[in-house]
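Overview (structure and organization)
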Amino acid sequence: MDNPDLSLPTPAPAVSAPAPLPGGYPSHAPLLGAGENPFGEQPRRARQGQGQRQGIRKRIGSAIAAVGALLAKFGVALKTLLVALPNLKLLVTAGTALVSVAAYSIFFGWWFAAGFVALLFVHEMGHVIALRREGIKASAPMFIPFMGAAIFTRSLGDNALAEARVGLAGPILGSIGAAAVAVVGELTGSSLLIALAYFGFFINLFNLLPVVPLDGGRAAAAMSPWMWFLGFGVLVALAFLNPGNPILLIIVIFAGFQTYHRWKQRKTGSLAQAAYYRVAPRHRLLVGAVYVGLIALLVFGMSETHILSSGGHSFGSI
């Protein structure tokens with residue numbers, strides 16, 4: 001009798017469902033998969049991945065917090081800057097004034113340099129006051145060694161008459177300041193103050209040359225813009241007579257550009273340009289009278305305060 005075939009397939013063992021946890025329902029019993037920890041702990045690799053994700057989230061959160069803190073500090077700094085803006089203007093004026101005093105003191109000494117810068121400040125404040133009367137904001141005066149001082153503004157007025165008022169205000173107040181110094185110099189017998197007054201008169205007279213961007217050019221805009229060419233010719237003549245003066249050369253170049261630009265604008269014939277230069281005859285006469293009167297008074301003041309030397313410095317060439 002042949003042996004029976006015993007190679008029957010062995011049935012797979014039955015897998016029974018895990019027993020429910022004590023006190024729990026069968027549906028709450030966790031089904032464990034391959035590689036799962038029976039104690040409910042995650043595998044080591046999963047824990048490392050989760051830790052890395054948490055670390056990235058923490059770093060991102062820290063970066064956002066740092067950026068927020070930086071923006072907050074920037075906002076506080078900006079607010080402080082805006083509050084301190086008037087003080088910053090004062091610092092700019094004071095700083096450039098000190099630099100100019102140091103530069104002028106090389107040639108004229110500290111006391112004369114300080115007084116000269118003070119007279120320049122009085123002159124520029126005349127422009128500032130006039131601009132404010134016209135409703136125009138202006139920067140604080142800024143001093144430029146050997147070039148005087150300047151203020152910066154977007155406009156000099158709505159028309160040529162307003163521009164003339166702003167331009168003449170500087171020499172008017174500057175002449176008053178120089179005259180006050182001359183009076184004090186005469187009363188005290190100070191040759192230094194008398195020489196300082198002379199320089200004040202001279203600077204204000206020079207600024208009355210009828211060429212832009214000098215103050216006289218502003219007045220000429222209301223009287224007759226043709227005067228710009230006369231003033232420019234005088235500047236060129238002065239530069240030829242003083243070939244070693246680089247400041248005059250710089251002024252000539254700058255005045256040439258300004259005169260060309262203003263005249264080109266005026267000759268466009270636009271309605272805006274026509275309205276800008278439309279000045280009533282009586283106002284032209286008034287501006288002309290103030291202009292000529294200032295020149296006469298400044299020439300007189302220079303003649304009365306001209307001295308050859310003071311404190312070891314010679315002024316005979318002025």
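What you see is a predicted model, and the numbers here were worked out from it, not measured in a lab.

Another point: the overall build of the chain. Secondary structure assignment for the chain yields 10 helices and four strands. Traced from its N-terminal end to its C-terminal end, the chain shows the element sequence α-α-α-β-β-α-α-α-α-α-α-α-β-β. A fraction of 64% describes how many contacts in the chain between residues 6 or more apart in sequence connect residues 24 or more apart. When the accessible area of the chain is evaluated, it comes to approximately 20600 Å², of which 69% is carbon and sulfur surface.

Its place among the elements puts His123 in helix 3 (residues 110–133). Among the residues examined, His123 registers a relative accessible area of 4% and is labelled buried. Not counting chain neighbours up to four residues away, the residues in contact with His123 comprise Gly170, Pro171, Gly174, Asn204, Asn207 and Asp215.

The subject of this paragraph is the pattern of salt bridges. Tallying each qualifying case throughout the model produces three salt bridges. Notably, a salt bridge pairs Arg165 with Glu134, separated by 2.8 Å at the nearest N-O pair. With a gap of 31 residues between them, Arg165 in helix 4 (residues 160–188) and Glu134 in the loop between helix 3 and strand 1 (142–144) connect regions that are remote in the sequence. Given a relative accessible area of 41%, Arg165 falls into the partly exposed group. Here Arg218 and Glu163 are joined by a salt bridge, their closest N and O atoms 3.3 Å apart. Of the two residues, Arg218 sits in helix 6 (residues 215–223) while Glu163 sits in helix 4, which places them 55 residues apart along the sequence. Of the two residues, Arg218 and Glu163, both sit in the buried class. Taken together, the shared-partner salt bridges in this structure form one network comprising Glu163, Arg218 and Arg262.

Omega for the peptide link from Val212 to Pro213 comes to 10°, which places this bond in the cis form. Looking at the element boundaries, Pro213 is found in the loop between helix 5 (191–206) and helix 6.

The next subject is the environment of Ala179. Tracing the chain through its elements places Ala179 in helix 4. For the pair Ala179 and Tyr198, spaced 19 residues apart in the sequence, the C-alpha separation amounts to 9.0 Å.

Turning our eyes to something else, we now look at helix 8 (residues 246–266). For helix 8, which comprises 21 residues, the first-to-last C-alpha distance of 30 Å matches the rise-based estimate of 30 Å (1.5 Å per residue) to within 8%. Every buried residue of helix 8 is listed here: Leu248, Ile251, Val252, Ala255, Thr259, Arg262 and Trp263. What you see down the axis of helix 8 is that its buried residues fit within an arc of 110°, all on one side. Counted as exposed and oriented over 90 degrees from the buried face of helix 8: Pro246, Phe257, Tyr260 and Lys264. Against the buried residues of helix 8 lie helix 4, helix 5, helix 6, helix 7 (227–241) and helix 9 (271–276).

Generally speaking, soluble globular proteins have nonpolar side chains that are buried together. Residues Phe116, Ala160, Leu168, Phe201, Trp228 and Val287 are the most contacted members of the largest nonpolar core, which totals 41 residues. Mapped onto this core, the elements with two or more residues apiece are helix 2 (85–108), helix 3, helix 4, helix 5, helix 6 and helix 10 (281–305). No other element matches the seven residues that helix 4 contributes to this core. If near-sequence neighbours (up to four positions away) are discounted, Ala160 is found in contact with Arg218, Ala221, Ala222, Tyr276, Tyr277 and Val279. In terms of nonpolar packing, the next biggest core, distinct from the first, is built from 10 residues, Leu214, Ala239, Ile251 and Ala255 among them.

A few words on helix 7. Quick reminder: α-helices carry 3.6 residues per turn. Residues three or four places apart thus point the same way. Between the first and last C-alpha of helix 7 there are 21 Å, a value that for 15 residues agrees with the 21 Å anticipated at 1.5 Å per step. Residues of helix 7 that are buried in the fold lie against helix 5, helix 6 and helix 8.

Turning next to the confidence of the model for the chain. Within the chain, residue pLDDT values average 79, and 69% of them lie at 70 or more. Ignoring residues within four places in sequence, the model shows residues 1–35, a span with pLDDT below 50, making 10 contacts including any to other chains.

Axis separation between helix 4 and helix 6 bottoms out at 7 Å; the angle between their running directions is 150°. With respect to each other, helix 4 and helix 6 are oriented roughly antiparallel. The two elements helix 4 and helix 6 cross, and the hand of that crossing is left-handed. On the side of helix 4, the interface is formed by Ala160, Leu161, Glu163, Ala164, Gly167, Leu168 and Pro171, while helix 6 contributes Asp215, Arg218, Ala219, Ala221 and Ala222. Grouping the constituent residues of the contact of helix 4 with helix 6 by class yields eight nonpolar, one polar and three charged.

Quick look at the packing of helix 4 against helix 10 now. It is the contact of helix 4 with helix 10, at a shortest axis distance of 11 Å, that shows an interaxial angle of 25°. One element, helix 4, and the other, helix 10, form an angle in the roughly parallel class. Both helix 4 and helix 10 take part in a crossing whose hand is left-handed. For the pair helix 4 and helix 10, the contacting residues are Leu161, Ala164, Leu168, Pro171, Ile172, Ser175 and Ala182 in the first and His283, Val287, Val290, Tyr291, Leu294, Leu298 and Thr305 in the second.

Considering all chains together, one arrives at 14 aromatic pairs under this definition. Seen in terms of ring centroids, Tyr104 and Phe116 are 5.2 Å apart; in terms of plane orientation they differ by 85°. Their pairing is edge-to-face. Separated by 12 residues along the polypeptide, Tyr104 in helix 2 and Phe116 in helix 3 bring together distant segments of the chain. Classification of Tyr104 as buried rests on a relative accessible area of 5%. Phe116 gets classed as buried once you look at its relative accessible area, which sits at 9%. Relative to Phe199, the ring of Phe112 has its centre 5.2 Å away and its plane inclined at 85°; by these criteria the two rings are edge-to-face. You can see Phe112 sitting in helix 3 and its partner Phe199 sitting in helix 5, a full 87 residues away along the chain. With relative accessibility at 2%, the residue Phe112 sits in the buried group. Here Arg266 stacks its cationic end above the ring of Tyr277, 5.6 Å away from the centre of that ring.

What counts, and at which threshold
Residues numbered from 1 in each chain as written. Predicted model: local features only at pLDDT ≥ 70, side-chain atom pairs only at ≥ 80, totals over all residues. Heavy atoms only, no water. Helix = DSSP H or I, 4+ residues; strand = E, 2+ residues; numbered from the N terminus. Contact = heavy atoms within 4.5 Å. Areas by Shrake-Rupley, 256 points an atom, 1.4 Å probe, with all protein chains shown as cover. Buried < 20%, exposed > 50% of the residue type's maximum accessible area, 1.4 Å probe, protein only. Salt bridge = Lys/Arg side-chain N within 4 Å of Asp/Glu carboxyl O. Expected span 1.5 Å × (residues − 1). Arc of directions from axis to C-beta. Core = buried A, V, L, I, M, F, W, Y, C linked by side-chain atoms within 4.5 Å. pLDDT = per-residue confidence, 0-100. Axes fitted to C-alpha atoms, helices over the stretch in contact; angles between N-to-C directions. Parallel < 35°, antiparallel > 145°, perpendicular 65-115°, else oblique. Left-handed = near helix turned anticlockwise from the far one by under 90°. Nonpolar A, V, L, I, M, F, W, Y, C, P; charged D, E, K, R; others polar. Phe/Tyr/Trp six-rings, centres within 6.5 Å; stacked < 30°, edge-to-face > 60°. Lys NZ or Arg CZ within 6 Å of the ring centre and 35° of its normal.

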